[in-house]
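The residues making up each chain are set out below.
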Amino acid sequence: MINTAYIETVDISNKYFHINLLLDQYIPIGRYFEKESEYLHKHNELSFDEAVNVAKDLYKHRSNEQTELYISKKMLYPKDITNNWGDVIFSELSNYNIPVWLIFFDPCRFANWGHKCEYTLIQQENVHFSVQDTDAPSEDITLTLIQ
């Protein structure tokens, strides 16, 4: 019989990767949309400059000379964010009518589209949701390079 009084549990995400999964910044935006949409509507969205700062902070450990980081020139609705084939990138969020900033991260700008890039939605400083896609964003979406 195992004596459970001496079994130690380890939070490996925190201990080995220094990621605290209990922090708000790791809660996907879908959870907020689903359960707290009134909360989001009552609070001010981020300004363009605030969204740029959040994006820089999110990607600071992954940015280098080979990467590029972009932001949409205006807030968009998830259902309107499509790739160059017209597919909705955030299809799981297409029913939510909350404007978000679109962040586009290209981890290897010289590789054309033979690799996955990351699309991230930002609504508030600690509310974001990311997906990876191998297709370029639609030409209808105007993006600005973040320096």
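Everything that follows concerns the structure shown earlier in this document.
This structure is a prediction, so every number in the text was calculated from the model and none was measured. (Residues numbered from 1 in each chain as written. Predicted model: local features only at pLDDT ≥ 70, side-chain atom pairs only at ≥ 80, totals over all residues. Heavy atoms only, no water.)

**Some remarks on the sheet that holds strand S4 (residues 127-133)**
- Strand order in the open sheet formed by five strands is S4-S3-S2-S1-S5, with antiparallel pairing between adjacent strands. Only two strands of the sheet have a single partner each, and these edge strands are S4 and strand S5 (143-145). When the angles between neighbouring strand axes are averaged without regard to direction, this sheet yields 25°.
- As judged from the seven bridges shared by strand S3 (residues 117-124) and S4, these two strands associate in the antiparallel manner. Across the sheet, Glu-118 pairs through a bridge with Gln-132, a residue of S4. (Pairing = 2+ DSSP bridges. Helix = DSSP H or I, 4+ residues; strand = E, 2+ residues; numbered from the N terminus. Axes fitted to C-alpha atoms, helices over the stretch in contact; angles between N-to-C directions.)

**Let's talk about the packing of aromatic side chains**
- As enumerated under the stated definition, the model contains five aromatic pairs in all.
- Taken together, a centroid distance of 5.6 Å and an interplanar angle of 70° make the contact between Phe-48 and Trp-101 edge-to-face. Remark: Trp-101 occurs in strand S2 (residues 101-106) and Phe-48 occurs in helix H3 (residues 48-59); sequence separation between them is 53 residues.
- Taking the relative accessible area as the measure of exposure, Phe-48 reaches 31% and is therefore partly exposed.
- Between Phe-90 and Phe-129, the ring centres sit 6.0 Å apart and the planes meet at 55°, which makes this aromatic pair tilted. With a gap of 39 residues between them, Phe-90 in the loop between strand S1 (68-72) and S2 and Phe-129 in strand S4 connect regions that are remote in the sequence. (Phe/Tyr/Trp six-rings, centres within 6.5 Å; stacked < 30°, edge-to-face > 60°. Buried < 20%, exposed > 50% of the residue type's maximum accessible area, 1.4 Å probe, protein only.)

**Here we look at the nonpolar core**
- Ranked by size, the top nonpolar core spans 16 residues in total, and within it Ile-81, Phe-90, Leu-102, Tyr-119 and Leu-121 carry the most contacts.
- Listing elements by their share of this core, those giving two or more residues are S2, S3 and S4.
- Apart from residues lying up to four places away in sequence, Tyr-119 is in contact with Ile-89, Phe-90, Leu-102, Ile-103, Phe-104, Phe-129, Ser-130, Val-131, Asp-133, Asp-135, Ala-136 and Pro-137.
- Judged by nonpolar contacts, the second largest core, of 13 residues, contains Val-52, Val-54, Ala-55 and Ile-146. (Core = buried A, V, L, I, M, F, W, Y, C linked by side-chain atoms within 4.5 Å. Contact = heavy atoms within 4.5 Å.)

**Here's the deal with H3**
- In this model H3 runs 17 Å from its N-terminal to its C-terminal C-alpha over 12 residues, within 8% of the 16 Å that 1.5 Å per residue would give.
- Along H3, the residues classified as buried are Ala-51, Val-52, Val-54, Ala-55 and Tyr-59. For H3, the angular spread of the buried residues around the axis is 165°, confining them to a single face.
- For H3, the elements touching its buried residues are S1, S2, S3 and S4. (Expected span 1.5 Å × (residues − 1). Arc of directions from axis to C-beta.)

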